[in-house]
Amino acid sequence: LSREQLLCKNYEKLQREQEKIRRLNHDHKYVLQYLFECLEKNDYENISIYIQNQLGRYQTKKEIWTGLVCIDSPIENGREQAEKDNLNFCFDVDVTSLPIEEYDLFVILGTLLDNAFEASRQCETGTGYVNIKMKSAGDMLFIYLENNYFCEPRKLKNRLISTKGKEGHGYGLENVKEIVKKYEGTFNLDFGNGVFVVEIMFGGKV
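Residues numbered from 1 in each chain as written. Predicted model: local features only at pLDDT ≥ 70, side-chain atom pairs only at ≥ 80, totals over all residues. Heavy atoms only, no water.

1. What about helix H4 (residues 102-120)?
Here is step 1 of the chain: Between its first and last C-alpha, H4 extends 27 Å over 19 residues, near the 27 Å set by a 1.5 Å rise per residue.
Here is step 2 of the chain: Across the 19 residues of H4, 15 count as buried, placing the element largely inside the fold. (Helix = DSSP H or I, 4+ residues; strand = E, 2+ residues; numbered from the N terminus. Expected span 1.5 Å × (residues − 1). Buried < 20%, exposed > 50% of the residue type's maximum accessible area, 1.4 Å probe, protein only.)

Written out as structure tokens, the structure reads:
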């Protein structure tokens, strides 16, 4: 149920991302036609201006583009959330193939990032941070997520729960563990001194 709730929460943003992709694909042929005509006319100045404008737009927005909506959408949502809450959000993503289903990766990233932002949001204004790294190599995928926190996590029946005491809170990480187990991956969690770290590896050992 919590997986479905997470998907419903992000569904509208996911639709907007897909619509943006469709528009980009639709406009792509016109961009190529424009650049080709500039080349035929040896109009390198306009080609240079167009490319510089595009590069400037991406650098300003700090967008991520892997072509995988299950990665791009959660991280783009995280970037927007960080700007809204004055948090430092760093991401380093180099993924070319997935050893798991996109649906499952979407749930993993959505859950981890939601938890991380909730925790770092409680830190002193301007000090909260969330860092995520994702790397793929062959049939292996590595996910590393780190965030700071103010309220010390506590456990109830071997399950981490929020200090806010929300009913059902904490099942998100249990869902992530179940997904990792389904693919025979490894899941490591560590926290202390105000730093929370999750490491996940599919197809190898952390």
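Next comes the rest of the description.
2. Points about the pattern of salt bridges
Here is step 1 of the chain: Under the counting rule described, the total for this entry stands at six salt bridges.
Here is step 2 of the chain: One salt bridge connects Glu83 with Arg79, and the closest N-O pair in it is separated by 3.0 Å. Here Glu83 and its partner Arg79 are both found in helix H3 (residues 69-85), four residues apart, which amounts to about one turn of the helix.
Here is step 3 of the chain: The class for Glu83 is exposed, based on a relative accessible area of 59%.
Here is step 4 of the chain: The class of Arg79 is buried, set by a relative accessible area of 10%. (Salt bridge = Lys/Arg side-chain N within 4 Å of Asp/Glu carboxyl O.)

3. Description of the nonpolar core
Here is step 1 of the chain: In terms of nonpolar packing, the biggest core is built from 36 residues, with Ile71, Leu105, Ile108, Met134 and Ile200 touching the most fellow members.
Here is step 2 of the chain: When residues no more than four places from it in sequence are discounted, the contact partners of Leu105 are Cys70, Ile71, Leu98, Ile100, Met134, Leu141 and Ile143. (Core = buried A, V, L, I, M, F, W, Y, C linked by side-chain atoms within 4.5 Å. Contact = heavy atoms within 4.5 Å.)

4. Section: the packing of aromatic side chains
Aromatic rings considered in pairs are described by the distance between their centres and by the relative angle of their planes.
Here is step 1 of the chain: For the coordinates displayed, the defined rule picks out five aromatic pairs.
Here is step 2 of the chain: Taken together, a centroid distance of 6.0 Å and an interplanar angle of 90° make the contact between Tyr183 and Phe202 edge-to-face. In this pair, Tyr183 is assigned in the loop between helix H5 (171-182) and strand E6 (186-192) and Phe202 in strand E7 (residues 195-202), connecting sequence segments 19 residues apart.
Here is step 3 of the chain: Each ring, one from Phe191 and one from Phe196, has its centre 5.8 Å from the other, and the planes form 10°; the classification is stacked.
Here is step 4 of the chain: Using a relative accessible area of 13% as the deciding quantity, one classes Phe196 as buried.
Here is step 5 of the chain: Feature note: the residues Phe89, Phe91 and Phe117 constitute an aromatic cluster, connected by ring pairs. (Phe/Tyr/Trp six-rings, centres within 6.5 Å; stacked < 30°, edge-to-face > 60°.)

5. What to know about the environment of Met201
Here is step 1 of the chain: Here Met201 shows up in strand E7.
Here is step 2 of the chain: Once the C-alpha coordinates of Met201 and Leu141 are considered, the two residues, 60 residues apart in sequence, prove to be 5.8 Å apart.

6. Describing unusual backbone geometry
Here is step 1 of the chain: The phi dihedral of Glu184 is positive, around 55°, even though this residue is not glycine.
Here is step 2 of the chain: Inspection of the secondary structure puts Glu184 in the loop between H5 and E6.
Here is step 3 of the chain: The phi torsion at Asn193 lies on the positive side, around 55°, for a residue other than glycine.
Here is step 4 of the chain: Relative to the helices and strands, Asn193 resides in the loop between E6 and E7.

7. A short note on the pairing of E7
Here is step 1 of the chain: Summarising burial for E7: six of the eight residues are buried, a large majority.
Here is step 2 of the chain: In the sheet, strand E3 (residues 140-148) pairs with E7 via eight bridges, with the strands oriented antiparallel. Residue pairing across strands places Asn148 opposite Val195, the latter belonging to E7.
Here is step 3 of the chain: Examined bridge by bridge, E6 and E7 share seven bridges and lie antiparallel to one another. Counterpart to Leu189 in the pairing with E7 is Val198. (Pairing = 2+ DSSP bridges.)

8. Digging into H3
Here is step 1 of the chain: In this model, H3 (17 residues) spans 24 Å end to end at C-alpha, consistent with the 24 Å of a helix rising 1.5 Å per residue.
Here is step 2 of the chain: Across the 17 residues that make up H3, a large majority, twelve, are buried.

9. Some words on the confidence of the model for the protein chain
Here is step 1 of the chain: With 75% of its residues at a pLDDT of at least 70, the protein chain reaches an overall mean of 82.
Here is step 2 of the chain: Taken as a whole, residues 165-169 scores under 50 in pLDDT and shows eight contacts with residues more than four places along the chain or in a different chain. (pLDDT = per-residue confidence, 0-100.)

10. Quick word on the sheet that holds strand E2 (residues 129-137)
The strands making up a sheet associate through hydrogen bonds between their backbones, and the pairing can be parallel or antiparallel.
Here is step 1 of the chain: Ordered in space as E1-E2-E3-E7-E6, the five strands form an open sheet in which the pairing is mixed. Where the open sheet ends on each side, the last strands, each with one partner, are strand E1 (88-94) and E6. Going across the sheet, the axis of each strand differs from the next one's by a mean of 5°, ignoring polarity.
Here is step 2 of the chain: The strands touched by H3 are E1 and E2; relative to E1, the strand with the most contacts, the crossing angle is about 160°.
Here is step 3 of the chain: Across the sheet, H4 is in contact with E1, E2, E3 and E7; its angle to E3 comes to roughly 15°. (Axes fitted to C-alpha atoms, helices over the stretch in contact; angles between N-to-C directions.)

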